[in-house]
Amino acid sequence: MIEKPAENQYPIDDLIRKRWSPRAFSAQPVEGAKLLSLLEAARWAASCFNEQPWSFIVATKESADEFERLLGCLVESNALWAQHAPVLMLSIARLNFERNAKPNRHAFHDVGQAATSLALQATALGLVVHQMAGFSVAKAREQYAIPEGYEPVAAIAVGYQGEPEGLPEELRKKEEAPRTRRPLESFVFNGRWGQTSPLVR
Ligand SMILES: Cc1cc2nc3c(=O)[nH]c(=O)nc-3n(C[C@H](O)[C@H](O)[C@H](O)COP(=O)(O)O)c2cc1C
């Protein structure tokens, strides 16, 4: 099993170090209780005005039709590997505040926060998560009758990690490639835009 812990510049919690986005999934189903823990973790994310603008459509392989429905929304390059995950999800953002119907600028931000909580909880439970922008928004909207005012955000594959040998050559190379990040110096600013903060210099 490939492990790709972060090569962190400064100490971080082990959960954050270990989380990564594999494409090789084992066929092992995810226990219902663990799936509930992931969604519970998402539920407790922070959000603007505590509006909790997230929804999740969840499809497991136990319901083959439902799984195929969500899989069918993915672009081919994602469906290629995500078909082997036992659980697929789709996150959806409510775009307007419930409290006053005004646009919520932070809706996507907050759905992303919920997704991060879900992913870290998954890591804590020995599961892996791979988020995807590569899906058809129009198809998802049509398949699930998602109403106006709500926007599909990301597809999410969840499961136990598998062996990379089962992946096509090109994906196996990606699976084995090191994880990279820009250094802190490139995005921590102070004083004015683009000026590296002395904190990290
Ligand atoms: C919103 C979002 C969309 C993504 N879309 C895709 C995708 O369509 N296909 C894919 O293979 N990976 C996708 N990824 C995974 C990223 O490529 C991955 O998170 C990034 O390379 C960092 O790697 P790590 O998660 O292993 O640290 C997506 C991740 C996020 C958060």
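Overview of the structure. (Residues numbered from 1 in each chain as written. Predicted model: local features only at pLDDT ≥ 70, side-chain atom pairs only at ≥ 80, totals over all residues. Heavy atoms only, no water.)

## Some details on the pattern of salt bridges
Quick reminder of the rule: When a carboxyl oxygen of Asp or Glu lies within 4 Å of a side-chain nitrogen of Lys or Arg, that pair is called a salt bridge. The buried label goes to any residue with under 20% of its type's maximum accessible area, the exposed label to any with over 50%, and the partly exposed label to all in between, with areas taken from a 1.4 Å probe on protein chains only. Strands are runs of DSSP state E lasting at least 2 residues, helices are runs of H or I lasting at least 4, and numbering of each runs from the N terminus.
A complete count under the given rule lists 9 salt bridges for this structure. Glu98 serves as the salt-bridge partner of Arg94, at 4.0 Å between the closest nitrogen and oxygen. Residue class for Arg94 comes out partly exposed when judged on its relative accessible area of 22%. With a shortest N-O distance of 2.6 Å, Glu169 and Arg172 are connected by a salt bridge. In this pair, Glu169 and Arg172 are both assigned in helix α7 (residues 169–176), 3 residues apart and thus about one turn of the helix distant.

## Notes on the site of the ligand
Applicable threshold: What makes a residue near a molecule or strand is one non-hydrogen atom of that residue sitting within 4 Å of it. Two N or O atoms count as a polar contact when they lie within 3.5 Å, although within protein this holds only if one can serve as hydrogen donor and the other as acceptor, and sequence-adjacent residues are included solely when both atoms are side-chain atoms. Computed by Shrake-Rupley with a 1.4 Å probe, the accessible areas treat only the displayed protein chains as cover when residues are assessed. Three categories are distinguished: nonpolar for Ala, Val, Leu, Ile, Met, Phe, Trp, Tyr, Cys and Pro, charged for Asp, Glu, Lys and Arg, and polar for the others, with Gly belonging to the last.
Around the ligand lies a shell of 13 residues, among which Ser21, Arg23, His130, Ala133 and Arg181 are the nearest. At a separation of 2.7 Å, a nitrogen atom of the ligand approaches a polar side-chain atom of His130. Within the backbone of Gly134, an N or O atom sits 3.0 Å from an oxygen atom of the ligand. Here the ligand has 620 Å² of accessible area as a free molecule, and 62% of this is covered by the chains. When residues of the shell around the ligand are traced back to their parent elements, those giving at least two are α4 (76–82) and β3 (128–132). With 3 residues, the single largest contributor to the shell around the ligand is β3. For the shell around the ligand, the class distribution of residues is 4 nonpolar, 5 polar and 4 charged.

## Quick word on the environment of Asp13
Mapping Asp13 onto the fold places it in the segment before α1 (14–18). Through-space distance from the C-alpha of Asp13 to that of Gln121 is 13 Å; in sequence the pair is 108 residues apart. One polar contact links the side chain of Asp13 to the main-chain amide nitrogen of Leu15, over a distance of 3.0 Å.

## A look at the side chain of Glu51
To be explicit about the condition: His is not counted here, nor are the chain ends, while Lys and Arg score as positive and Asp and Glu score as negative. Any two residues whose heavy atoms approach within 4.5 Å are treated as being in contact.
By the secondary structure assignment, Glu51 is in the loop between α2 (32–43) and β1 (54–60). The buried charged residue Glu51 lacks any salt bridge, with Arg94 as its nearest oppositely charged partner at 4.6 Å. A distance of 3.1 Å separates a polar side-chain atom of Glu51 from the backbone nitrogen of Arg99. Beyond its immediate stretch of four places on either side in the chain, Glu51 contacts Asn96, Phe97, Glu98 and Arg99.

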